[in-house]
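A closer look at the structure
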Amino acid sequence: MTDRSPQAAPPGAAEPMIRLVGVGKTYPDGTVAVQELDLDVPRGRTVCLVGPSGCGKSTTLKMVNRLIEPTSGRIFIDGEDITRGDPVELRRRIGYVIQQVGLFPHQSIRTNVATVPSLLGWDRKRAAARADELLDLVGLDPAQYATRFPHQLSGGQRQRVGVARALAADPPVLLMDEPFGAVDPIVRTRLQDEFARIARDLDKTVMFVTHDIDEAIRMGDKVAVFAVGGRLAQYDEPAALLGRPADDFVAQFVGASRGLRRLSVTPIDVADLQPGNGHPPAETVPLSSSLEDALATMLRQDDAQVGVTDEGRTIGVLTPDGVHRALRRSVNTDSSATAPRE
């Protein structure tokens, strides 16, 4: 391992929960899976790693819990250099969710969820109570599901159990490797929404691997785009990533429809509202809505404005000109971009 020290956070900024400093992975045959990588994951935020097959995103995730050992660099979790400790003890402090779930087939759902608490020495009653609490959190009634076995659940239900199991010991960090890739699109959208709510409510720090740019911008507070060869091509907030790709590779990867995708990740801002154009809006959307929600409502009601409400009170209307201003500002005023290392 190199002895490179991490840079301190800027004055007034919180230290990241996860910090990768010069992390790389080169296999004995000379294959470079991940180039020297610097990446900060803010506390309580979800960072999505996205890119084509073979770009190093899953390798990066597995280095964080040391299922794969890095060949260079250092990894810090909550300020602790985890490249120098016991990897088994580390994994018991990190939630890990994978696409195939990996539930124990001959154990009940309650016992599956209680796996890590049991390994940590919790008594059976406490571990069972924690499992039931988490099953309820992920939308599976313990009275109905706790005593079932994995083969008695649908794919989407098994993924929910996998999330519950990862949360069982209340880890500050969750690592998720294409967790929803094996379920159908409708269930996948529901799982994405449910998990986003859970991560937000529990204030978890999440690294989430996906090959799907739509999932990345839907789930991520920030998105890291990897290129083949393990190069970090761009690390940015979704709106800035879509509006200002760093290079031709990123522009091609996010796709020609990135302008439409930006609508879904850009929120309505009161600065873009107007008093109205003489008649009350037929429909309204809450201030928490995205520009995509607002435009969809305009099209549905065949009107050039939509009312915007805050706590049930109409505070103004949004027009297509307001949407245009919001899109331009989301890119031009964004200063959170993290340039990739050269």
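Described below are features of the structure shown in this document. (Residues numbered from 1 in each chain as written. Predicted model: local features only at pLDDT ≥ 70, side-chain atom pairs only at ≥ 80, totals over all residues. Heavy atoms only, no water.)

Further remarks concern the layout of surface pockets. Taken as a whole, the largest pocket encloses approximately 1000 Å³ of empty space. Together, 37 residues line the largest pocket, and I217, R218, M219, G220 and V265 are the ones closest to its centre. Secondary structure elements with two or more residues in the lining of the largest pocket: α8 (185–202), α9 (213–219), α10 (238–243), α12 (258–265) and α13 (291–301). Top element by residues in the lining of the largest pocket is α8. It accounts for ten residues. Here the lining of the largest pocket is composed, by residue class, of twelve nonpolar, nine polar and 16 charged. (1 Å grid on protein atoms, 1.4 Å probe; cavity = no way out; pocket = protein on both sides within 12 Å on 5 of 7 lines; lining within 4 Å. Points joined across faces, edges and corners; volume = space filled by probe spheres on them. Helix = DSSP H or I, 4+ residues; strand = E, 2+ residues; numbered from the N terminus. Nonpolar A, V, L, I, M, F, W, Y, C, P; charged D, E, K, R; others polar.)

Let us now look at the packing of helix α5 (residues 124–137) against helix α7 (residues 155–167). Between α5 and α7, the least distance of the axes is 9 Å, while the angle of their chain directions is 135°. Looking at the two axes, α5 sits oblique to α7. At the point where α5 passes α7, the crossing takes the right-handed sense. Residues R130, L134, L135 and L137 of α5 touch α7, and the partners they reach there are V161, A164 and L167. Looking at the contact of α5 with α7, its residues break down into six nonpolar, no polar and one charged. (Axes fitted to C-alpha atoms, helices over the stretch in contact; angles between N-to-C directions. Parallel < 35°, antiparallel > 145°, perpendicular 65-115°, else oblique. Left-handed = near helix turned anticlockwise from the far one by under 90°. Contact = heavy atoms within 4.5 Å.)

Reading across the sheet, the three strands line up as β11-β12-β13 and stay open at both edges, with mixed pairing between neighbours. Only two strands of the sheet have a single partner each, and these edge strands are β11 (284–286) and β13 (313–318). Averaged over all pairs of adjacent strands, the angle between strand axes in this sheet comes to 35°, irrespective of strand direction. Relative to strand β12 (residues 306–310), β11 is paired through three bridges, and the arrangement is parallel. Opposite T284, over in β12, you have G307 as the bridge partner. Sitting on the sheet, α13 touches β11, β12 and β13, and the angle it makes with β12 is about 135°. (Pairing = 2+ DSSP bridges.)

Another point: α13. Of the positions making up α13, those classed as buried are L291, A294, T297, M298 and Q301. Buried residues along α13 cover an arc of 125° about the axis, so they all sit on one side. Exposed side chains of α13 directed beyond 90 degrees from the buried face belong to L299 and R300. D302 sits one or two positions beyond α13 and adopts a positive phi of about 55°. (Buried < 20%, exposed > 50% of the residue type's maximum accessible area, 1.4 Å probe, protein only. Arc of directions from axis to C-beta.)

So, on to empty space enclosed by the protein. In this structure the tally under the stated criterion is one cavity of 30 Å³ or more. Its volume calculated, the largest cavity comes out at about 60 Å³. Around the largest cavity sit V138, Q159, R160, V163, F180, L191, E194, F195 and I198, which together line it. Residue assignment for the lining of the largest cavity shows that the elements contributing at least two residues are α7 and α8. In terms of residue count, the dominant contributor to the lining of the largest cavity is α8 (four residues). Looking at side-chain class alone, the lining of the largest cavity contains six nonpolar, one polar and two charged residues.

This part takes up helix α1 (residues 57–64). Burial analysis of α1 places six of its eight residues in the buried class, the great majority of the element. When we look at burial in α1, the residues that qualify are K57, T59, T60, L61, M63 and V64. One or two steps after α1, the chain reaches R66, where phi turns positive at roughly 60°.

Before going further, it helps to examine the pairing of strand β8 (residues 205–210). Counting buried positions along β8 yields six of six residues, so the element is predominantly enclosed. Here strand β3 (residues 46–50) pairs with β8 via five bridges, running parallel. Within the sheet, the bridge partner assigned to L49 lies in β8 and is V209. Both strand β7 (residues 173–177) and β8 contribute to a ladder of five bridges, which runs parallel. Each bridged residue has a counterpart across the sheet, and for D177 the counterpart in β8 is V209. In the classification by handedness, the crossover that spans β7, the intervening α8 and the parallel β8 is right-handed. (Right-handed = clockwise from strand over helix to strand, strands pointing away.)

No statement about biological role is implied by the geometric values presented.
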